[in-house]
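One letter stands for each residue in the lines below.
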Amino acid sequence: MRWIPIAAVVLVLTSCGSDGQPSWRDLGAKCATPRTGIDPFTNRPYPDRQGTLDDEKKWLRVWTDDLYLWYDEVPAVDPALPTATDYFDQLKTFAITSSGKFKDRFHFWYPTDYWEKLSTSGTDVGYGTTLIAVPPCSTCDPSTKPPREYRVGYNEPNSPAALAGMNRGARILWVDDVDLVNASDKTSLGILNAGLFPAKAGEQHKFVFEDFGTNVQHTMTLTSASITIAPVPDVHTITVGSDKVGYMLFNDHLATAEKALVDAINQLKAEGVKDLILDVRYNGGGYLDIASELAYMIAGPNATSGRTFERLIFNSKHPSTDPVTDRALAPTPFYPQGSGLSVPRGTPLPSLDLSRVFVLTGSGTCSASESILNGLQGVNIQVIQIGRTTCGKPYGFYTFDNCGTTYFSIQFKGVNAMGFGDYPDGFTPGAATPGSFAGCVVVDDFAHALGDAAEGRLAAALVYRNSPTCPAQPTRALRAALPQEGVVLKSPWRQNRIVQP
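Source: prediction; values computed, not measured.

## Notes on the state of the cysteines
Here is step 1: Counted under the stated rule, the structure contains 3 disulfides.
Here is step 2: Across a sulfur-sulfur distance of 2.0 Å, Cys31 and Cys403 are joined as a disulfide pair. Here the disulfide of Cys31 and Cys403 is left-handed, its torsion about the S-S bond being about -85 degrees. Here the residue Cys31 occupies a position in strand E1 (residues 30-31), and Cys403 occupies one in the loop between strand E23 (399-402) and strand E24 (405-408), the gap between them amounting to 372 residues.
Here is step 3: For Cys31, a relative accessible area of 0% translates into the label buried.
Here is step 4: We classify Cys403 as buried; its relative accessible area is 13%.
Here is step 5: The disulfide partner of Cys366 is Cys391, and the S-S distance across this bridge is 2.1 Å.

Structure below.
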């Protein structure tokens, strides 16, 4: 897959909508402040021409009415809102799912130059730590309202946080002398956000944190850096009796993940693993092609040849044609060859030829990661889910640049070879609901490193592979004390299902 801003491609075309009015293809790139020169991402001149803010808003409305999956649920929005992005923020459904979540929790935008850097380099700015916001109760907001509990989920290798000893499970208490747990005024929240999520490399911020399971506190200054994300940071084999079991931590469907996954599968295949435990508890998704490739590498050609990995469904205006590419809709297969992301296009992929896979999940398992579970189940590969309920995002989008802003708006849903894709509230292990998987509900175990055979979810998978039993659940009286599943605080761009034109 290659990233191409869709607007730069389709704006050279002209057409009218079914009502005879100009389409979004005609209305784009009319900008209040046009860009000039060459786009360093496409090496083409910017398509912008002089227009007005009202032109930008009109494009957003027409584009939404044509492509948005739930176009008929978008309310009338006051076009007098001060910016195009303010207007875009309201162009979505506000419907609620059966569990009380917003159906569309995935509507966002980035400045185009920022997005282009992220999507091509796989880098981000920060300390290399992924934070988990643990809510104090099942109905509490975990990230905004006090009392807050922010813990380290994992660190990128050799990142500032890792080198400083802010390890998995550490609880952050203070940032730049502001109480993270209890602060509520606007000024304090601004300081917390600036310290936790620095805008550029080289920023210095003071942290006070507490090691997991102790009262031992540390005070240190961390310097933000440009972090190159390791999408597959841990691959190893666990010996269980006479068997070898593969463990793979897979955190991001980035372009660089293609080669990392090929290397990982080759390593596990050479070691003769009998089973695979795939840890995607913090994997928010990304490129759909990578999800398809990994599913192929798990199941192999006998189970997947000629089969559908995922079929995309657009809104009712476009039942048979992709409205962005104008191509006839065709299913995404299980790709047996590389897509050219970080291995040469057409390179044959290795496979483990497994009939089952154990998948460790949590609320951070989202979008393209959920596609792996659903796609494999669609071709009768047994998926055993260990952990907590996934995020619930059977949706995806193309990215669109208009006038220097890249917009992300849900345009399709994905279904597997059996036609199933209805999981807006996620997959829960062992649930008696359509499309669910066998397995166990197991809390995130911050007391152990990811990949440690004693870590709760990994340990439960190792037990389950010999006998389909789950760890003892608390009694009704103690159930309220079961730790809540935390919210993974990842950038929106790392929680997607993205396709290319």
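## Some remarks on helix H12 (residues 456-464)
Here is step 1: In terms of burial, H12 is largely enclosed, as 7 of its 9 residues are buried.
Here is step 2: In this structure, the buried side of H12 is in contact with strand E14 (234-240), strand E15 (243-249), strand E16 (275-279), strand E20 (356-361), strand E21 (382-387) and strand E26 (438-441).

## Re the environment of Thr365
Here is step 1: With respect to the helices, strands and loops of the structure, Thr365 is situated in the loop between E20 and helix H11 (368-377).
Here is step 2: Sequence separation of Thr365 and Gly392 is 27 residues, and the distance between their C-alpha atoms is 8.4 Å.
Here is step 3: Residues in contact with Thr365, not counting those within four places in the same chain, are Val280, Arg281, Asn283, Leu360, Glu370, Thr390 and Cys391.

## As for the packing of aromatic side chains
Here is step 1: The tally for this structure, following the rule as stated, stands at 27 aromatic pairs.
Here is step 2: Summarising the aromatic geometry, the rings of Trp24 and Phe400 are spaced 5.5 Å apart at their centres and angled 85 degrees between planes, so their arrangement reads as edge-to-face. Of the two residues, Trp24 sits in helix H2 (residues 24-27) while Phe400 sits in strand E23, which places them 376 residues apart along the sequence. This pair shows no difference in class: Trp24 is buried, exactly as Phe400 is.
Here is step 3: Taken together, a centroid distance of 5.2 Å and an interplanar angle of 75 degrees make the contact between Phe309 and Phe334 edge-to-face. Separated by 25 residues along the polypeptide, Phe309 in strand E18 (residues 308-313) and Phe334 in the loop between strand E19 (332-333) and E20 bring together distant segments of the chain. Comparing Phe309 with Phe334, the two get one shared label, buried.
Here is step 4: Each member of the aromatic cluster is reached from another via a ring pair, and the members are Trp24, Trp59, Trp63, Phe88, Phe400 and Tyr407.
Here is step 5: The ring of Tyr71 has Lys317 lying over it, and the distance from NZ or CZ to the ring centre is 4.4 Å.

## Observations concerning the environment of Ile381
Here is step 1: Within the element layout of this structure, Ile381 appears in the loop between H11 and E21.
Here is step 2: Considering only alpha carbons, one finds Ile381 and Thr304, 77 residues apart in sequence, at a separation of 9.6 Å.

Cut-off values and rules
Residues numbered from 1 in each chain as written. Predicted model: local features only at pLDDT ≥ 70, side-chain atom pairs only at ≥ 80, totals over all residues. Heavy atoms only, no water. Disulfide = S-S within 2.5 Å. Helix = DSSP H or I, 4+ residues; strand = E, 2+ residues; numbered from the N terminus. Buried < 20%, exposed > 50% of the residue type's maximum accessible area, 1.4 Å probe, protein only. Contact = heavy atoms within 4.5 Å. Phe/Tyr/Trp six-rings, centres within 6.5 Å; stacked < 30°, edge-to-face > 60°. Lys NZ or Arg CZ within 6 Å of the ring centre and 35° of its normal.

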